[in-house]
Every structure is written in C-alpha cells, then in structure tokens.
Amino acid sequence: PDVSMPVDVTFADDDRPLIDLLGFDPIIIDELLEVTLYWRARVDMPADFMCFVHLLDGTGTAVVQLDGHPAGNSYPTGQWVEGEVVVDSMRLDLSTVPPGAYQLATGFYRNVEGLPRLEAAASDGPVPDGRAILSEPIIVP
C-alpha cells in the first residue's frame, strides 16, 4: 500500500513472525486523531490477538488508548491469511488531551490472563515492551 509514514516492525509469538506493520497514516480533524495502520499477515494466523494503540505523552504515559480487534473490531486476526494486507482505521478522541507533541505506539496481545504482548522487532533489533513507537510525532493543537 501507499502509506505516508512507512514502518518496519514485525510482531512474533515464540520467535515465530506473524504480523508486519508496514506503515501508518495519521490526520487530526477537529478533536479526533484518525489513524490508519497497515498490517500484513506473515502466515495464516494461528489465533486471535487484540491490537492496542496508545497516544503517549512526553513521559511515555498513555493519555488516550484503543484496544480491540483490527478494523473496528470487525476483522479478528484469526481470520487473516498469509500475505494479506489489512487496512485498520480508527479514531482517538483528543478532546481531553492538552496541546503538545505526542507519540503513537501500537502492538498486539493475547486476550488471556496477564495480557501477554507479542514480541516486536524492527530492522535494528527487538522493540521494548512489544510496543512499536511510531516515529513521527503527533502534534495536538
């Protein structure tokens, strides 16, 4: 897909690569941050994983977050097939977020006790906490 912000992060379970994050497109409209993430299934997916998106302040604290199945809770990962690209659009409410610069973070976890996250790695190595920090800052006016 043609994305404005390319990303190269792979999410894995027990060192088995499952999902690539190809990039994202953010746009702020009024008090909403519309984010589109582009995922690619590396394999026929073995399970349903929950996706999370966090908007982080300068201390790394999530000020807004969304959790659920991709594509507005309508397309669980367990239905994805190898090579498929999934376009996942969502809206985060910014009405209570003070103006400033923020970072987006995303990843996947199992919806079981402890909510274990999938491992994440970029081309330069593992990503801490299984959470990909997307490179371009989000500026809230």
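The rules behind these values
Residues numbered from 1 in each chain as written. Predicted model: local features only at pLDDT ≥ 70, side-chain atom pairs only at ≥ 80, totals over all residues. Heavy atoms only, no water. Helix = DSSP H or I, 4+ residues; strand = E, 2+ residues; numbered from the N terminus. Contact = heavy atoms within 4.5 Å. Buried < 20%, exposed > 50% of the residue type's maximum accessible area, 1.4 Å probe, protein only. Pairing = 2+ DSSP bridges. Phe/Tyr/Trp six-rings, centres within 6.5 Å; stacked < 30°, edge-to-face > 60°.

J.: I tried to follow the environment of Ile133 on my own but got confused; where do I start?
T.: Residue position: Ile133 is located in strand E10 (residues 132–140). With sequence-adjacent residues up to four places away left out, Ile133 is seen in contact with Leu56, Gln103, Leu104 and Ala105.

J.: Help me understand the pairing of strand E3 (residues 32–41), please; the structure alone is not making it clear to me.
T.: Remark: a regular strand shows side chains that alternate across the two faces of the sheet. Among the 10 residues in E3, seven count as buried, and that is most of the element. Here strand E2 (residues 16–29) runs beside E3; their pairing, made up of 10 bridges, is antiparallel. In the sheet register, Ile19 faces E3, and the bridge partner there is Ala41. Hairpin connection from E2 to E3: two residues lie between these consecutive antiparallel strands, with Asp30 at a positive phi of about 55°. Summarising the sheet, E3 and strand E6 (residues 85–93) pair through nine bridges and their orientation is antiparallel. Considered in E6, the bridge of Arg40 is made with Val85.

J.: Which parts of the structure should I look at to understand the packing of aromatic side chains?
T.: With the rule as written, the count across this model stands at six aromatic pairs. Judged by centre distance (4.6 Å) and plane angle (65°), the ring pair of Trp39 and Phe108 falls under edge-to-face. Of this pair, Trp39 sits in strand E3 while Phe108 sits in strand E7 (residues 100–109), and the two are 69 residues apart along the sequence. A residue is classified by how much of its surface remains accessible, and Trp39, at 0% relative accessible area, is buried. Aromatic side chains Trp80 and Phe108 sit 6.4 Å apart centroid to centroid with 90° between the ring planes, which places their arrangement in the edge-to-face category. Here the residue Trp80 occupies a position in the loop between helix H1 (70–73) and E6, and Phe108 occupies one in strand E7, the gap between them amounting to 28 residues. The class of Trp80 is buried, set by a relative accessible area of 1%. The class for Phe108 is buried, based on a relative accessible area of 0%.

By themselves, these observations are geometric and do not establish any function.
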